[in-house]
Amino acid sequence: ENRGLLSDQMQPLSLMRERMMQGDATGQQLCTHAIGDRGIAMILDLYAEVVTAHGAADRRLRIEHAQHVAAKDFQRFADLQVIASVQPYHAIDDGRFAEARIGRDRSSRTYAFRSFLDHGVRLALGTDWEVAPLDPLQTVYAAVTRATLDGKNPGGWFPEQKLTLPETIEAYTMGSAYAEFQDNEKGSITVGKLADLVLLSDDLFTIAPEKIRTAHVLKTIVGGKLVFDAQA
């Protein structure tokens, strides 16, 4: 029966509603940190009020973390076109103790990447650094394997929530670029976009998933210029 706490900015709720309404009215993108089924539901309620008040628009509303989602709210994410900005590394970290804290039922809907995709929700992947490692390959490994850090879930913690590697790469590149209105500038290797890319030591699409986290960067190119060379 424990409950989380609303941040100071959410108290009173009427003030947060006013902030969101004003921000949306001036064309600002609304991105809100929410963890917990009740907190997420409250933010979706507020987003729904904004959409109702101001009408349809390309808002790209986001909820950061989007952990511990109530079953009814996956469809609301889709209906409101809210982006789930998630950090897969937390699944293999928190998966060591989450069930003891929030129970198996809620845990089945935490870091629920597959459920989001199945409902047509856009995903944007990130690291949540400094809370989690900055290395993006750890994020890819976590999304694909969901193998907890304690080694007790080699087949994946709630493996039905795994992403495929193509889905992971898509969400980490184009998904994240879309989430910040920069999908015309980056997110894919396309003529006219920023020439920012890396050359990896291994082909992630052919190696065993458990080896993804040991792959490393050989070269980094930013703006078409080589800025890192492991052999230099």
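Keep in mind the model is a prediction, meaning the values are calculated, not measured.

S.K.: Got a sec to walk through the pairing of strand E3 (residues 83-86)? Specific residues and values, please.
M.R.: Along E3, one buried face is formed by Ile83 and Ser85 and the opposite face, lined by Ala84 and Val86, is buried too. Two strands pair when backbone bridges link them, and strand E2 (residues 62-67) and E3 are joined in this way by 3 bridges, in the parallel orientation. Among the inter-strand pairings, Ile63 is bridged to a residue of E3, identified as Ala84. Remark: the E2/helix H3 (residues 73-79)/E3 crossover connection has right-handed handedness. One ladder, built from 3 bridges, connects E3 with strand E4 (residues 123-125); its direction is parallel.

S.K.: Mind laying out the nonpolar core, listing which residues take part and the relevant values?
M.R.: Formed by 51 residues in total, the largest nonpolar core has its most connected members in Tyr47, Ile63, Phe77, Phe116 and Leu123. Among the elements that make up this core, the one with the highest residue count is helix H2 (residues 37-54) (7 residues).

S.K.: Before we move on, can you summarise the packing of helix H7 (residues 136-145) against helix H8 (residues 165-179) with the specific residues and values?
M.R.: Put simply, H7 and H8 touch, their axes get as near as 9 Å, and they point 135° apart. Between H7 and H8, the angle is such that the two are oblique. For H7 against H8, the interelement crossing comes out right-handed. Residues Pro136, Thr139, Val140, Ala143 and Val144 of H7 touch H8, and the partners they reach there are Leu165, Thr168, Ile169 and Tyr172. Each residue belonging to the contact of H7 with H8 can be placed in one class, and the counts come to 7 nonpolar, 2 polar and no charged.

S.K.: Describe unusual backbone geometry, listing the residues and the values that go with them.
M.R.: With an omega of -5°, the peptide bond between Gln11 and Pro12 qualifies as cis. Among the secondary structure elements, Pro12 is positioned in the segment before helix H1 (13-25). Of note in the backbone geometry, His65 takes a positive phi value of approximately 85° without being a glycine. Locating His65 in the fold gives a position in strand E2. A residue is classified by how much of its surface remains accessible, and His65, at 9% relative accessible area, is buried. The residue Gln81 is not glycine, and still its phi comes out positive at about 55°. Here Gln81 falls in the exposed class, since its relative accessible area comes to 60%.

S.K.: Residue-level account of the sheet that holds strand E1 (residues 31-35), with values.
M.R.: As summarised here, the arrangement of the 4 strands in space is E1-E2-E3-E4, forming an open sheet in which the pairing is parallel. The sheet is open, and its two edges are formed by E1 and E4, each paired on a single side. Adjacent strand axes in the sheet meet at a mean angle of 30°, parallel and antiparallel pairs treated alike. Strands E1 and E2 of the sheet are contacted by H2, whose axis makes an angle of about 160° with E2.

S.K.: Describe the pattern of salt bridges, with residues and values.
M.R.: Throughout the structure, instances matching the rule amount to 16 salt bridges. A salt bridge links Arg96 to Asp93; the nearest nitrogen and oxygen atoms lie 2.2 Å apart. Asp93 gets classed as buried once you look at its relative accessible area, which sits at 18%. A salt bridge links Lys186 to Glu180, with the nearest nitrogen and oxygen atoms 2.8 Å apart. Look at Lys186 and you get partly exposed, because its relative accessible area is 29%.

Conventions and cut-offs
- Chains are numbered independently. Their residues run from 1 in the order of the written sequence.
- Where local features are concerned, this predicted model is filtered to residues with pLDDT of at least 70; where side-chain atom pairs are given and counted, the filter is 80 or more; whole-chain, interface and lining totals use all residues.
- By convention in this description, side-chain values take in all heavy atoms of the structure and omit both hydrogens and water.
- Here's how the labels work: a residue is buried when its accessible area is under 20% of the maximum for its type, exposed when over 50%, partly exposed in between, all with a 1.4 Å probe on protein chains only.
- For helices the rule is a DSSP run of H or I covering at least 4 residues; for strands it is a run of E covering at least 2, with both sets numbered from the N terminus onward.
- At least two bridges found by DSSP between two strands is the condition for calling them paired.
- A clockwise course of the path from the first strand over the helix to the second, judged with the strands pointing away from the viewer, identifies a crossover as right-handed.
- By nonpolar core we mean a set of buried residues, namely Ala, Val, Leu, Ile, Met, Phe, Trp, Tyr and Cys, connected to one another through side-chain atoms within 4.5 Å.
- Each axis is a line fitted through C-alpha atoms, taken for helices only over the stretch in contact, and angles between the N-to-C directions span 0 to 180 degrees.
- By definition in this entry, angles of less than 35 degrees are roughly parallel, angles greater than 145 are roughly antiparallel, angles of 65 to 115 are roughly perpendicular, and the rest are oblique.
- Handedness of a crossing follows from how the near helix is turned relative to the far one, being left-handed for an anticlockwise turn of less than a right angle and right-handed for a clockwise one.
- Should any heavy atoms of two residues lie within 4.5 Å, those residues are counted as being in contact.
- Residues were grouped as follows: Ala, Val, Leu, Ile, Met, Phe, Trp, Tyr, Cys and Pro as nonpolar; Asp, Glu, Lys and Arg as charged; and all remaining residues, including Gly, as polar.
- Here, a salt bridge means any side-chain nitrogen of Lys or Arg that lies within 4 Å of a carboxyl oxygen of Asp or Glu.

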